[in-house]
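Residues per chain, in single letters:
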Amino acid sequence: MERKGILFVLSGPSGAGKGTVLHEVLQKVQGLAVSVSATTRAPRPGEINGIHYHFRTKDEFQQMVDNNEFLEHVVKFHNRYGTPKAQVEKLLNEGKDVVLEIETKGASKVRRANPDAVYIFITPSNYEELNKRLNVRGTESPEVCALRLKIAKTEYKSIRYYDYIAINDNLDECVNTVSAIILAERNKRRRNAELADNLMTLKS
Ligand code: 5GP
(Lines give C-alpha, C1' and ligand atoms only; values in the text may rest on other atoms or scores of the structure.)
Protein backbone atom coordinates (compact mmCIF):
# COMPACT_ATOMS: atom_id res chain seq x y z
CA MET A 1 0.00 0.00 0.00
CA GLU A 2 1.29 3.47 -0.92
CA ARG A 3 2.11 5.51 2.19
CA LYS A 4 -0.01 8.62 2.63
CA GLY A 5 2.07 11.79 2.78
CA ILE A 6 2.94 13.54 6.02
CA LEU A 7 1.58 17.02 6.68
CA PHE A 8 4.18 19.44 8.07
CA VAL A 9 2.95 22.72 9.52
CA LEU A 10 5.52 25.49 9.75
CA SER A 11 4.67 28.57 11.81
CA GLY A 12 6.46 31.41 13.47
CA PRO A 13 6.16 35.16 13.81
CA SER A 14 6.57 37.49 10.90
CA GLY A 15 10.31 38.15 10.55
CA ALA A 16 11.32 34.69 11.79
CA GLY A 17 12.54 33.80 8.31
CA LYS A 18 10.09 30.94 7.64
CA GLY A 19 9.95 31.63 3.91
CA THR A 20 13.74 31.64 3.48
CA VAL A 21 14.16 28.53 5.61
CA LEU A 22 11.47 26.70 3.68
CA HIS A 23 12.99 27.71 0.35
CA GLU A 24 16.35 26.21 1.42
CA VAL A 25 14.78 23.07 2.91
CA LEU A 26 13.08 22.41 -0.43
CA GLN A 27 16.50 22.42 -2.14
CA LYS A 28 17.84 19.94 0.41
CA VAL A 29 15.02 17.50 1.08
CA GLN A 30 13.52 15.50 -1.80
CA GLY A 31 9.84 14.73 -2.19
CA LEU A 32 8.33 17.75 -0.45
CA ALA A 33 5.45 19.77 -1.84
CA VAL A 34 4.38 23.20 -0.62
CA SER A 35 0.79 24.25 -0.35
CA VAL A 36 0.13 27.57 -2.10
CA SER A 37 -2.27 29.67 -0.02
CA ALA A 38 -4.90 32.07 -1.24
CA THR A 39 -4.78 35.64 0.05
CA THR A 40 -6.46 39.00 -0.41
CA ARG A 41 -3.14 40.73 0.29
CA ALA A 42 -1.55 42.64 -2.60
CA PRO A 43 1.50 40.97 -4.17
CA ARG A 44 4.90 42.26 -3.00
CA PRO A 45 7.53 43.02 -5.64
CA GLY A 46 8.69 39.76 -7.20
CA GLU A 47 5.76 37.68 -5.95
CA ILE A 48 4.06 35.62 -8.65
CA ASN A 49 0.40 34.62 -8.69
CA GLY A 50 0.07 30.84 -8.34
CA ILE A 51 3.62 30.41 -7.03
CA HIS A 52 3.91 32.51 -3.88
CA TYR A 53 0.17 32.88 -3.35
CA HIS A 54 -3.07 32.67 -5.25
CA PHE A 55 -3.86 36.39 -5.13
CA ARG A 56 -7.62 36.84 -4.90
CA THR A 57 -10.06 39.74 -4.56
CA LYS A 58 -12.16 39.92 -1.38
CA ASP A 59 -15.19 38.64 -3.32
CA GLU A 60 -13.28 35.75 -4.85
CA PHE A 61 -11.91 34.77 -1.45
CA GLN A 62 -15.39 34.90 0.11
CA GLN A 63 -16.67 32.70 -2.71
CA MET A 64 -14.01 30.11 -1.83
CA VAL A 65 -15.08 30.28 1.84
CA ASP A 66 -18.74 29.80 0.84
CA ASN A 67 -17.79 26.80 -1.31
CA ASN A 68 -15.98 25.24 1.68
CA GLU A 69 -12.73 25.16 -0.30
CA PHE A 70 -10.41 25.88 2.64
CA LEU A 71 -8.76 23.54 5.12
CA GLU A 72 -8.45 26.66 7.29
CA HIS A 73 -8.63 30.38 6.74
CA VAL A 74 -7.89 33.41 8.91
CA VAL A 75 -7.76 37.19 8.92
CA LYS A 76 -4.25 38.44 9.55
CA PHE A 77 -2.83 41.97 9.30
CA HIS A 78 -6.21 43.09 7.82
CA ASN A 79 -5.95 40.55 5.01
CA ARG A 80 -7.40 37.08 4.55
CA TYR A 81 -5.28 33.96 4.08
CA GLY A 82 -6.43 30.39 3.48
CA THR A 83 -5.13 26.92 2.67
CA PRO A 84 -6.94 25.36 -0.29
CA LYS A 85 -8.16 21.94 0.86
CA ALA A 86 -8.33 20.01 -2.42
CA GLN A 87 -4.71 20.69 -3.34
CA VAL A 88 -3.37 19.48 0.03
CA GLU A 89 -5.52 16.34 0.08
CA LYS A 90 -4.54 15.42 -3.48
CA LEU A 91 -0.82 15.71 -2.70
CA LEU A 92 -1.12 13.73 0.55
CA ASN A 93 -3.10 11.00 -1.21
CA GLU A 94 -0.36 10.80 -3.84
CA GLY A 95 2.07 10.05 -1.02
CA LYS A 96 3.80 13.44 -1.12
CA ASP A 97 4.75 15.14 2.11
CA VAL A 98 3.19 18.59 2.20
CA VAL A 99 4.37 21.72 3.99
CA LEU A 100 1.95 24.43 5.09
CA GLU A 101 3.58 27.72 6.00
CA ILE A 102 0.79 29.28 8.03
CA GLU A 103 0.27 31.37 11.15
CA THR A 104 -0.66 29.96 14.54
CA LYS A 105 -4.47 30.39 14.53
CA GLY A 106 -4.75 28.55 11.22
CA ALA A 107 -2.36 25.91 12.54
CA SER A 108 -4.61 25.25 15.52
CA LYS A 109 -7.56 24.71 13.16
CA VAL A 110 -5.49 22.26 11.12
CA ARG A 111 -4.42 20.50 14.33
CA ARG A 112 -8.00 19.70 15.31
CA ALA A 113 -8.54 17.89 12.01
CA ASN A 114 -4.99 16.50 11.62
CA PRO A 115 -3.52 15.45 14.98
CA ASP A 116 -1.03 13.27 13.11
CA ALA A 117 0.58 16.23 11.33
CA VAL A 118 3.96 17.55 12.50
CA TYR A 119 4.04 21.07 13.94
CA ILE A 120 7.26 23.10 13.75
CA PHE A 121 7.68 26.61 15.17
CA ILE A 122 10.47 28.78 13.72
CA THR A 123 11.80 31.75 15.65
CA PRO A 124 14.98 33.67 16.34
CA SER A 125 16.16 32.95 19.87
CA ASN A 126 15.09 36.37 21.15
CA TYR A 127 12.54 39.11 20.62
CA GLU A 128 15.08 41.91 19.97
CA GLU A 129 16.37 40.05 16.93
CA LEU A 130 12.83 39.73 15.59
CA ASN A 131 12.34 43.48 16.04
CA LYS A 132 15.56 44.18 14.19
CA ARG A 133 14.73 41.88 11.29
CA LEU A 134 11.24 43.27 10.79
CA ASN A 135 12.52 46.83 10.61
CA VAL A 136 15.48 45.99 8.36
CA ARG A 137 13.27 44.08 5.89
CA GLY A 138 11.73 47.38 4.78
CA THR A 139 8.81 45.80 2.92
CA GLU A 140 6.28 47.14 5.42
CA SER A 141 5.47 50.57 6.93
CA PRO A 142 6.61 51.29 10.54
CA GLU A 143 2.96 50.90 11.68
CA VAL A 144 2.68 47.46 10.09
CA CYS A 145 6.04 46.44 11.62
CA ALA A 146 4.80 47.52 15.04
CA LEU A 147 1.57 45.56 14.57
CA ARG A 148 3.49 42.45 13.47
CA LEU A 149 5.73 42.67 16.55
CA LYS A 150 2.73 42.96 18.82
CA ILE A 151 1.08 39.95 17.17
CA ALA A 152 4.34 37.98 17.58
CA LYS A 153 3.83 38.02 21.35
CA THR A 154 0.42 36.39 20.92
CA GLU A 155 1.87 33.83 18.53
CA TYR A 156 4.56 32.89 21.06
CA LYS A 157 1.76 31.83 23.42
CA SER A 158 0.92 29.02 20.96
CA ILE A 159 4.37 27.45 21.10
CA ARG A 160 3.13 24.87 23.58
CA TYR A 161 1.07 23.23 20.83
CA TYR A 162 4.07 22.65 18.54
CA ASP A 163 6.13 19.46 18.40
CA TYR A 164 9.40 21.22 17.58
CA ILE A 165 11.06 24.63 17.92
CA ALA A 166 13.60 25.41 15.20
CA ILE A 167 15.80 28.35 16.22
CA ASN A 168 16.67 30.60 13.31
CA ASP A 169 19.67 32.66 14.42
CA ASN A 170 21.75 31.12 11.68
CA LEU A 171 20.05 30.19 8.42
CA ASP A 172 22.12 27.06 7.64
CA GLU A 173 21.64 25.67 11.13
CA CYS A 174 17.91 26.24 11.01
CA VAL A 175 17.67 24.62 7.57
CA ASN A 176 19.56 21.62 8.94
CA THR A 177 17.25 21.44 11.94
CA VAL A 178 14.05 21.53 9.89
CA SER A 179 15.47 19.05 7.35
CA ALA A 180 16.46 16.69 10.17
CA ILE A 181 12.97 16.88 11.68
CA ILE A 182 11.40 15.99 8.33
CA LEU A 183 13.77 13.07 7.75
CA ALA A 184 13.30 11.75 11.29
CA GLU A 185 9.51 11.94 11.02
CA ARG A 186 9.61 10.07 7.71
CA ASN A 187 11.57 7.30 9.36
CA LYS A 188 9.36 6.84 12.41
CA ARG A 189 8.46 3.20 12.78
CA ARG A 190 4.74 3.90 13.08
CA ARG A 191 4.83 5.70 9.74
CA ASN A 192 6.45 2.64 8.18
CA ALA A 193 4.25 0.03 9.83
CA GLU A 194 3.88 -2.17 6.76
CA LEU A 195 7.64 -2.46 6.26
CA ALA A 196 8.14 -3.11 9.98
CA ASP A 197 5.46 -5.84 9.95
CA ASN A 198 6.97 -7.50 6.89
CA LEU A 199 10.40 -7.58 8.50
CA MET A 200 9.08 -8.78 11.85
CA THR A 201 7.12 -11.64 10.32
CA LEU A 202 9.89 -13.06 8.11
CA LYS A 203 9.98 -16.86 8.47
CA SER A 204 13.18 -18.19 10.01
P1 5GP B 1 2.78 37.39 4.49
O2 5GP B 1 1.74 38.43 4.23
O3 5GP B 1 3.99 37.98 5.19
O4 5GP B 1 3.13 36.59 3.27
O5 5GP B 1 2.15 36.34 5.51
C6 5GP B 1 1.63 36.77 6.72
C7 5GP B 1 1.35 35.59 7.61
O8 5GP B 1 0.29 34.80 7.07
C9 5GP B 1 2.54 34.64 7.78
O10 5GP B 1 2.65 34.32 9.15
C11 5GP B 1 2.15 33.44 6.98
O12 5GP B 1 2.72 32.25 7.50
C13 5GP B 1 0.66 33.45 7.15
N14 5GP B 1 -0.06 32.70 6.12
C15 5GP B 1 0.22 32.59 4.80
N16 5GP B 1 -0.67 31.80 4.19
C17 5GP B 1 -1.54 31.38 5.15
C18 5GP B 1 -2.67 30.51 5.15
O19 5GP B 1 -3.09 29.95 4.15
N20 5GP B 1 -3.29 30.32 6.34
C21 5GP B 1 -2.86 30.91 7.49
N22 5GP B 1 -3.54 30.61 8.60
N23 5GP B 1 -1.80 31.72 7.52
C24 5GP B 1 -1.13 31.96 6.37
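In this text, all values refer to a predicted model and were calculated from it rather than measured experimentally. (Residues numbered from 1 in each chain as written. Predicted model: local features only at pLDDT ≥ 70, side-chain atom pairs only at ≥ 80, totals over all residues. Heavy atoms only, no water.)

Chemist: Just checking my understanding: could you explain empty space enclosed by the protein for this structure?
Modeler: Empty space among the atoms becomes visible once a probe the size of a water molecule is rolled across them. Scanning all chains against the criterion turns up one cavity of 30 Å³ or more. For the largest cavity, the calculated volume is near 40 Å³. Around the largest cavity, the lining residues are Leu10, Leu22, Val25, Leu32, Val99, Val178 and Ile182. Contributions of two or more residues to the lining of the largest cavity are made by helix H1 (18-28) and helix H7 (171-186). (1 Å grid on protein atoms, 1.4 Å probe; cavity = no way out; pocket = protein on both sides within 12 Å on 5 of 7 lines; lining within 4 Å. Points joined across faces, edges and corners; volume = space filled by probe spheres on them. Helix = DSSP H or I, 4+ residues; strand = E, 2+ residues; numbered from the N terminus.)

Chemist: Just to check I follow, could you spell out the site of the ligand for this structure?
Modeler: With respect to spatial proximity, 16 residues lie near the ligand, and among them Ser37, Arg41, Tyr53, Glu72 and Tyr81 are the closest. Interatomic distance of 2.7 Å between a side-chain N/O atom of Glu72 and a nitrogen atom of the ligand. Arg148 has a polar side-chain atom sitting 3.4 Å from an oxygen atom of the ligand. Protein chains shield 94% of the accessible area of the ligand, which is 520 Å² for the free molecule. Structurally, the ligand is housed in the largest pocket. Secondary structure elements with two or more residues in the shell around the ligand: strand S5 (70-76) and strand S6 (79-84). Of the residues that constitute the shell around the ligand, the class distribution is five nonpolar, four polar and seven charged. (Near = heavy atom within 4 Å. Polar contact = N/O pair within 3.5 Å; in protein donor to acceptor, adjacent residues only side chain to side chain. Areas by Shrake-Rupley, 256 points an atom, 1.4 Å probe, with all protein chains shown as cover. Sits in = over half its atoms within 2 Å of the grid points. Nonpolar A, V, L, I, M, F, W, Y, C, P; charged D, E, K, R; others polar.)

Chemist: For this particular structure, what's the right way to read the nonpolar core?
Modeler: A general tendency of soluble globular proteins is for nonpolar side chains to be buried together. Residues Val25, Ile120, Ile122 and Val178 are the most contacted members of the largest nonpolar core, which totals 19 residues. Those elements that provide at least two residues to this core are strand S1 (7-11), H1, strand S8 (118-123) and H7. Examining the composition of this core, we find that five residues originate from one element, H7, more than from any other. Leave out the neighbours within four places in its chain, and Val178 touches Leu10, Val21, Val25, Ile120, Ile122 and Ala166. (Core = buried A, V, L, I, M, F, W, Y, C linked by side-chain atoms within 4.5 Å. Buried < 20%, exposed > 50% of the residue type's maximum accessible area, 1.4 Å probe, protein only. Contact = heavy atoms within 4.5 Å.)

Chemist: Help me understand the sheet that holds strand S2 (residues 32-34) in this model?
Modeler: By way of backbone hydrogen bonds, the strands of a sheet pair with one another, either parallel or antiparallel. In spatial order, the strands read S2-S7-S1-S8-S9; together these five strands make up an open sheet with parallel pairing. Strands at the two margins of the open sheet, each flanked by one partner only, are S2 and strand S9 (164-167). Looking at each pair of strands side by side, their axes are set apart by 25 degrees on average, direction ignored. (Pairing = 2+ DSSP bridges. Axes fitted to C-alpha atoms, helices over the stretch in contact; angles between N-to-C directions.)

Chemist: What should I look at first to understand the packing of aromatic side chains in this one?
Modeler: Each aromatic ring pair is described using two quantities: the centre-to-centre distance and the angle formed by the ring planes. One pass over the full model with this rule turns up six aromatic pairs. A ring pair is formed by Tyr53 and Tyr81, whose centres lie 5.9 Å apart and whose planes are at 55 degrees; its orientation type is tilted. Linking Tyr53 in the loop between strand S3 (38-39) and strand S4 (54-55) with Tyr81 in strand S6, this pair joins segments that are 28 residues apart in sequence. Taken as a pair, Tyr53 and Tyr81 share a single burial class, namely buried. The aromatic ring of Tyr162 is capped on one face by Arg111, whose charged end is 5.5 Å from the ring centroid. (Phe/Tyr/Trp six-rings, centres within 6.5 Å; stacked < 30°, edge-to-face > 60°. Lys NZ or Arg CZ within 6 Å of the ring centre and 35° of its normal.)

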